[in-house]
Amino acid sequence: MSKPNQNEHSNLKESPQANGDIQNTQGQYRSISPPASPVAGTLDDEQFSTYFEENIPIPDDVTKTFSFRKLWAFTGPGFLMSIAYLDPGNIESDLQSGAIAGFKLLWVLLVATIIGLLLQRLGARLGVVTGMHLAEVCHRQHSLYTLLHIHTFKPPPPAQVPRIILWLMVELAIIGSDMQEVIGCAIAFNLLSVGRIPLWGGVLITITDTFVFLFLDRFGLRKLELFFGFLITIMAISFGYEYVKVGPDQGELLKGMFLPYCQGCGTPQMEQAVGIVGAVIMPHNIYLHSALVKSRQIDRRNNEEVKEANKYYFIESTIALFVSFLINVFVVAVFAEAFYKKTNKEVNLQCNASGSPHTELFPMDDNPLEVDIYKGGVVLGCFFGSAALYIWAVGILAAGQSSTMTGTYSGQFVMEGFLNLRWSRFARVLLTRSIAIFPTLLVAIFQDVQHMTGMNDFLNVLQSLLLPFALIPILTFTSMTSIMDDFANGLFWKIGGGVVVLIVCAINMYFVVVYVQSLDSVALYVLAAFLCIAYLCFVCYLAWQCLIALGISCLDVSCLSGGVSNNRPALLIEEQPAYDT
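Residues numbered from 1 in each chain as written. Predicted model: local features only at pLDDT ≥ 70, side-chain atom pairs only at ≥ 80, totals over all residues. Heavy atoms only, no water.

Labelled according to an unreviewed UniProt entry, the chain appears under the name Solute carrier family 11 member 2, originating from Esox lucius. Taken directly from UniProt, the Sequence similarities (unreviewed entry) text for the chain runs: "Belongs to the NRAMP family." (UniProt positions renumbered as here; feature names shortened; annotations may be inferred.)

Rendered as structure tokens:
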């Protein structure tokens with residue numbers, strides 16, 4: 001098999017549809033071409049575009065090694081991606097980590113952020129090299145594998161079941177993430193209004209302002225990215241104020257961050273460590289980042305430009321996740337210093353002395369303090385004054401608003417990519433928002449704030465379950481030379497990526513098992529058993545494809561069946577038309 005042209009990537013090669021031939025690469029996969037796009041600037045482009053009404057030009061610079069002008073031009077997608085590391089679910093995980101384990105789990109947060117950066121790198125490279133985001137590649141590549149007729153070699157019939165299942169799983173992850181973000185916004189509005197705005201009112205306000213903010217990109221892509229940067233700045237200032245106000249022990253903080261230990265930790269601390277990984281690494285965020293990087297003008301026929309774009313996107317992502325890591329550290333350190341080993345009785349007495357109207361939230365017992373986003377703001381107000389409570393609420397509101405907007409973008413990219421549909425902008429926003437808002441609104445109407453924040457535990461478990469449906473595809477596709485050409489993963493990234501995916505999935509499955517055991521219901525155990533069988537079957541199917549892409553060709557059906565004559569592949573992937581209308 002001949003090596004692909006060095007200056008031509010698979011997305012620019014002649015489509016196999018043009019002549020009906022099937023182009024084979026590595027024995028089982030075929031090259032793909034990006035979907036056609038409408039002419040820029042037309043009415044259809046404005047009607048159907050998602051985030052990409054303009055592409056940012058990259059300035060020419062004679063500097064060969066590094067250019068701040070180019071870095072600034074590439075800055076934007078990484079910071080939008082980093083917002084998922086600052087959503088209300090992550091903030092709640094941070095404060096619970098500090099209250100339960102003190103500074104001892106900061107190293108877990110650091111490791112999880114580094115792993116997240118490496119996974120985001122794969123997503124960004126896929127988008128830069130192919131010109132398609134992960135959902136679009138899944139649409140082209142994920143069809144139900146079927147055996148060819150050995151004698152006729154006819155192509156398999158259309159079979160889209162795995163692709164639809166994968167789409168539903170990713171949509172479910174987005175819905176779960178959106179619910180956490182909307183819950184955070186509703187709680188923030190409730191705290192800022194001293195309970196005058198009910199939770200369902202906060203959900204409705206979130207619906208309205210999300211629709212308004214999502215159309216800010218019509219004023220220019222850079223202005224939208226600056227708006228997200230402004231929200232991140234608000235979070236940094238808000239949680240940074242809490243950090244300065246509390247004044248954590250810097251020695252203990254550094255010790256907890258760089259010494260991987262957890263002396264005296266029991267089951268609650270171990271479960272919290274697993275929860276940190278599940279909250280930080282979110283499945284829909286990889287789909288989002290692979291789409292956002294398409295917003296820059298890159299000549300994908302030029303290997304040097306593609307290599308340069310990968311370099312600057314990685315630098316930008318590193319800076320963005322470093323900022324998000326610092327904000328998360330602020331939250332962990334505040335609750336580790338002020339509320340680690342505090343009891344409900346101590347907090348109750350302090351809240352009563354400060355005149356807080358929320359004293360009843362903390363029973364008069366000696367059990368360890370349990371906090372969430374809502375209680376976290378209350379205890380800050382009790383110990384450090386009402387200003388600390390309101391500033392906390394402002395930070396949570398910024399986190400919820402920014403993450404719910406990026407969550408909507410994720411929903412639009414995923415829907416367009418997997419289903420290959422081109423709906424009007426308003427219809428897409430309406431559908432993706434409604435799917436997430438309605439369940440949250442029903443809970444807000446019929447339940448109190450305790451049930452609202454309690455949903456986060458279930459939603460974190462859901463995110464953990466759905467993580468393989470992002471990690472396995474991204475590792476699979478970035479390891480295929482038929483897709484990535486010269487930029488496919490090398491041996492180090494294949495082995496390292498496989499180990500990381502295996503560890504992350506194992507950790508999150510442990511988190512799920514612990515949660516199911518806590519339900520203490522035979523009926524739920526039986527239901528969970530049936531769901532696990534179906535779940536594991538599909539994960540094994542994805543893992544099988546991934547292992548073949550990583551070079552374990554003996555897992556191919558052709559090997560298992562004793563080989564196929566003429567070296568023809570036993571498995572093929574169906575090519576799809578550019579767009580379904």
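Novice: How should the packing of helix H5 (residues 106–130) against helix H13 (residues 303–339) be read in this particular structure?
Specialist: When two helices pack together, their arrangement is given by the angle between the helix axes and the distance between those axes. Remark: H5 packs on H13, axes separated minimally by 9 Å, with the N-to-C direction vectors making an angle of 155°. Judged by the inter-axis angle, H5 sits roughly antiparallel to H13. Read as a crossing pair, H5 and H13 show a hand that is right-handed. Of the residues in H13, those touching H5 at Leu106, Leu109, Leu110, Thr113, Gly116, Leu117, Arg121, Ala124, Arg125, Val128 and Val129 are Val306, Ala309, Asn310, Tyr313, Phe314, Ser317, Thr318, Leu321, Phe325, Asn328, Val329 and Val332. In terms of residue class, the contact of H5 with H13 is made up of 15 nonpolar, 6 polar and 2 charged. (Axes fitted to C-alpha atoms, helices over the stretch in contact; angles between N-to-C directions. Helix = DSSP H or I, 4+ residues; strand = E, 2+ residues; numbered from the N terminus. Parallel < 35°, antiparallel > 145°, perpendicular 65-115°, else oblique. Left-handed = near helix turned anticlockwise from the far one by under 90°. Contact = heavy atoms within 4.5 Å. Nonpolar A, V, L, I, M, F, W, Y, C, P; charged D, E, K, R; others polar.)

Novice: How should the pattern of salt bridges be read in this particular structure?
Specialist: One pass over the full model with this rule turns up 5 salt bridges. With its nearest N and O atoms 3.2 Å apart, the salt bridge here joins aspartate 299 to arginine 301. Taken together, the salt bridges that share partners define one network made up of Arg222, Glu225 and Arg296. (Salt bridge = Lys/Arg side-chain N within 4 Å of Asp/Glu carboxyl O.)

Novice: Just checking my understanding: could you explain helix H22 (residues 522–549) for this structure?
Specialist: An α-helix turns once every 3.6 residues. As a result, residues three or four positions apart point the same way. Over its 28 residues, H22 extends 40 Å from the first C-alpha to the last, a length consistent with the 40 Å expected when each residue adds 1.5 Å. Listed as buried for H22 are Ala528, Tyr535, Phe538, Val539, Tyr541, Leu542, Gln545, Cys546, Ile548 and Ala549. One or two steps after H22, the chain reaches glycine 551, where phi turns positive at roughly 110°. (Expected span 1.5 Å × (residues − 1). Buried < 20%, exposed > 50% of the residue type's maximum accessible area, 1.4 Å probe, protein only.)

Novice: Explain the nonpolar core here, please?
Specialist: Where a protein is soluble and globular, its nonpolar side chains tend to be buried together. In this structure, Phe239, Tyr287, Phe335, Trp392 and Phe418 are the most contacted members of the largest nonpolar core, which totals 146 residues. Sort the elements by how many residues they give to this core and H13 lands first, with 17 residues. Once residues within four sequence positions are removed from consideration, phenylalanine 418 is found in contact with Ala135, Cys138, His139, Arg163, Leu166, Trp167, Val170 and Tyr287. (Core = buried A, V, L, I, M, F, W, Y, C linked by side-chain atoms within 4.5 Å.)

Novice: What is the right way to look at a nonpolar patch on the surface in this model?
Specialist: Taken together, Trp200, Leu204, Leu442, Ile445 and Phe446 make up a surface patch of nonpolar side chains, about 530 Å² in accessible area. Listed by contribution, the elements that provide at least two residues to the nonpolar patch are helix H8 (199–214) and helix H17 (425–446). Considering each element in turn, the nonpolar patch owes the most residues, 3 residues, to H17. Relative to the assigned elements, phenylalanine 446 resides in helix H17. (Patch = residues over 30% accessible without salt bridge, like charges linked within 9 Å, V, L, I, M, F, W, Y side chains within 5 Å. Areas by Shrake-Rupley, 256 points an atom, 1.4 Å probe, with all protein chains shown as cover.)

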